[in-house]
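# Results of the structural survey
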Amino acid sequence: MDSVIDTLKSTLAIYEDERFFFIAVCSTLLSIVSFLAFALPWTWVAYKNPESLKKYRIQGRDFPVKRWLVPSLQRFALNNLVSFLGVVLSWPLVRHSGIHTGPLPAWYVIVAQIACFIVLDDFLYYWMHRTLHTPWLYKHVHSVHHRITTPFALTGNYMHVVEFMLTSTLVMTGPALLGAHVVTMWLWIVFRQLEAADGHSGYDVPWNPALLVPFYKGPVYHDFHHRRFFGNYAGFFAYLDKLFGGTYSKGYEDYRRAQPPVAAPVPEPQPQPSQSQQ
Ligand SMILES: [Zn+2]
Ligand SMILES: [Zn+2]
């Protein structure tokens, strides 16, 4: 009996580590707050649908905010809850990652590490996303995210809980591999949530501050993925779709070439992809 109690005590003791609070609790809260901070203003714009911004709508049609607002918030809450429970359960393993709370590295180390996280995450995300478009995974997991054919910012995290946890795991991979400082990881999480919200904003405005991020193609890139169901699998860098078989969404390159870009009519949804159309 004593040995059982000792085992229980030693298991609980690992949750008293301050890193559990910073890495698991603070990171989850920061992820939630930063996504909402980026997504809610754009969602408000989509809801108000001001006349002055209609020319910047990527799909040229009204956003289904009333239909998807509550489901998006519900999914976001559920996904974060399950994801947090996943972090708690996996903490005995995660605590052995190199993520630390020691002295803060120099700013250029932080910048370089975040650049590495972006490249790595995008590469991993590209292949995960392509795999999610294989028939079985699409039907049982990824089709949830593709219920949204005209995205607005809050739908950026409307997805099956399995996809949410896989995406979260990819986000954590870079910091774990490089043994990043927890502050570096937090900055990376904020950036990643900016990408998630901005990529679904539905507006292609030339003054979008997110476009200041080097090589970022803006919301148009992922919006075409929702609109066409196929192609543009990368989350950030367009080169991946070019490099791995030219998997651009139909019409995307024409849109990019048009000056100024012209919002095209949206085709009827075709929710079941086939292997040959990946
Ligand atoms: Zn997809
Ligand atoms: Zn999406």
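In this report, the structure presented in the accompanying data block is examined. Everything quoted here is computed from the prediction, not taken from an experiment. (Residues numbered from 1 in each chain as written. Chains lettered and ligands numbered in written order. Predicted model: local features only at pLDDT ≥ 70, side-chain atom pairs only at ≥ 80, totals over all residues. Heavy atoms only, no water.)

## Focus on the overall build of the protein
If you tally the helices and strands in the protein, you get 10 helices and zero strands. Along the protein, helices and strands appear, N-terminal first, in the series α-α-α-α-α-α-α-α-α-α. For 278 residues, the compact-globule estimate of 2.2 N^0.38 gives 19 Å, and the C-alpha radius of gyration of the protein, at 20 Å, lies within 12% of that figure. Oriented by its inertia axes, the alpha-carbon framework of the protein measures out at about 70 × 40 × 40 Å. Counting every position in the protein, which comprises 278 residues, the buried fraction comes to 46%. Within the protein, residue pairs in contact and separated by at least 24 positions form 75% of the contacts whose partners lie at least 6 positions apart. With an accessible surface of roughly 13900 Å², the protein has 68% of that area assigned to carbon and sulfur atoms. The protein carries 22 positive and 18 negative side-chain charges, and their two centres are separated by 10 Å. (Helix = DSSP H or I, 4+ residues; strand = E, 2+ residues; numbered from the N terminus. Rg over C-alpha atoms; globule rule 2.2 N^0.38 Å. Buried < 20%, exposed > 50% of the residue type's maximum accessible area, 1.4 Å probe, protein only. Contact = heavy atoms within 4.5 Å. Areas by Shrake-Rupley, 256 points an atom, 1.4 Å probe, with all protein chains shown as cover. Lys, Arg positive; Asp, Glu negative; His and termini not counted. Charge placed at Lys NZ, Arg CZ, Asp CG, Glu CD.)

## Let's talk about the coordination of the zinc ion (ligand 2)
Under perfect tetrahedral coordination by four donors, a metal shows angles of 109.5 degrees; under perfect octahedral coordination by six donors, it shows angles of 90 or 180 degrees. At this site the zinc ion (ligand 2) is bound by His145 (NE2), His200 (NE2), His222 (NE2) and His226 (NE2), with donor distances of 2.0 to 2.1 Å. Coordination at the zinc ion (ligand 2) comes from four donor atoms whose angles at the metal span 98 to 147°, giving a geometry best classed as irregular. Motif for the zinc ion (ligand 2), donor spacing along one chain: H-x54-H-x21-H-x3-H. Taken together, the residues His200 in the loop between α7 (182-198) and α8 (219-228) and His222 in helix α8 connect sequence positions 22 residues apart. By the burial criterion, His200 is buried, and His222 matches it. (Donors = N, O, S within 2.8 Å, 3.2 Å for Na, K, Ca; no water. Tetrahedral: all angles 85-135°; square planar, octahedral: opposite > 155°, others 65-115°.)

## Notes on the packing of helix α4 (residues 107-132) against α7
Here α4 crosses α7 at 45°, and the two axes come no closer than 10 Å. If you check the angle between α4 and α7, you find them oblique. Note on packing geometry: the crossing formed by α4 with α7 is right-handed. Contacts from Ile110, Gln113, Ile114, Phe117, Ile118, Asp121, Asp122 and Tyr125 of α4 reach α7 at Thr184, Leu187, Trp188, Phe191, Arg192 and Glu195. Considering only residue class, the contact of α4 with α7 consists of eight nonpolar, two polar and four charged. (Axes fitted to C-alpha atoms, helices over the stretch in contact; angles between N-to-C directions. Parallel < 35°, antiparallel > 145°, perpendicular 65-115°, else oblique. Left-handed = near helix turned anticlockwise from the far one by under 90°. Nonpolar A, V, L, I, M, F, W, Y, C, P; charged D, E, K, R; others polar.)

## Thoughts on the pattern of salt bridges
Taken as a whole and judged by the stated rule, the model has four salt bridges. One salt bridge connects Arg19 with Asp17, and the closest N-O pair in it is separated by 3.4 Å. The exposure class assigned to Arg19 is buried, which follows from its relative accessible area of 14%. On the accessibility criterion, Asp17 (24% relative accessible area) is partly exposed. Among the ionic pairs, Glu51 bridges to Lys54, the shortest N-O distance being 3.3 Å. Overall, the relative accessible area of 28% leaves Lys54 in the partly exposed class. (Salt bridge = Lys/Arg side-chain N within 4 Å of Asp/Glu carboxyl O.)

## Some thoughts on the packing of aromatic side chains
Tallying each qualifying case throughout the model produces 24 aromatic pairs. Pairing Phe21 with Phe22 gives two aromatic rings, centres 5.6 Å apart and planes at 65°, and the pair type is edge-to-face. Taking 4.9 Å as the distance between ring centres and 45° as the angle between the ring planes, the aromatic pair formed by Phe35 and Phe76 counts as tilted. In this pair, Phe35 sits in helix α2 (residues 18-48) while Phe76 sits in helix α3 (residues 65-94), placing the two residues 41 residues apart along the sequence. Counting every residue linked through ring pairs, the aromatic cluster contains Phe117, Trp188, Phe191, Phe215, Tyr216, Phe236, Phe237 and Tyr239. (Phe/Tyr/Trp six-rings, centres within 6.5 Å; stacked < 30°, edge-to-face > 60°.)

## Describing the nonpolar core
In this structure, Ile23, Ile114, Ile118, Met185, Trp188, Phe191 and Phe236 are the most contacted members of the largest nonpolar core, which totals 22 residues. Among the elements that make up this core, the one with the highest residue count is α7 (five residues). Contacts of Phe236, omitting those with residues within four sequence positions, involve Ile118, Asp122, Phe191, Glu195, Val213, Pro214, Phe215, Tyr216 and Lys217. The next biggest cluster of nonpolar side chains, apart from the first, holds 20 residues, and it includes Phe35, Ala39, Val65 and Val205. (Core = buried A, V, L, I, M, F, W, Y, C linked by side-chain atoms within 4.5 Å.)

## Some remarks on the side chain of Asp223
One can find Asp223 in helix α8. Buried and unpaired, Asp223 has no salt bridge, with Arg227 as the nearest side chain of opposite charge at 4.7 Å. With residues near it in sequence (within four places) discarded, Asp223 still touches Ile58, Gln59, Pro151, Gly199 and Gly202.

## Thoughts on the coordination of the zinc ion (ligand 1)
The protein atoms donating to the zinc ion (ligand 1) are His129 (NE2), His133 (NE2), His142 (NE2), His146 (NE2) and His225 (NE2), with metal-donor distances spanning 2.0 to 2.2 Å. Of note, the zinc ion (ligand 1) draws all its donor residues from one chain, in the sequence arrangement H-x3-H-x8-H-x3-H-x78-H. Placement of His133 in the loop between α4 and α5 (135-140) and of His225 in helix α8 is noted, with a sequence separation of 92 residues between them.

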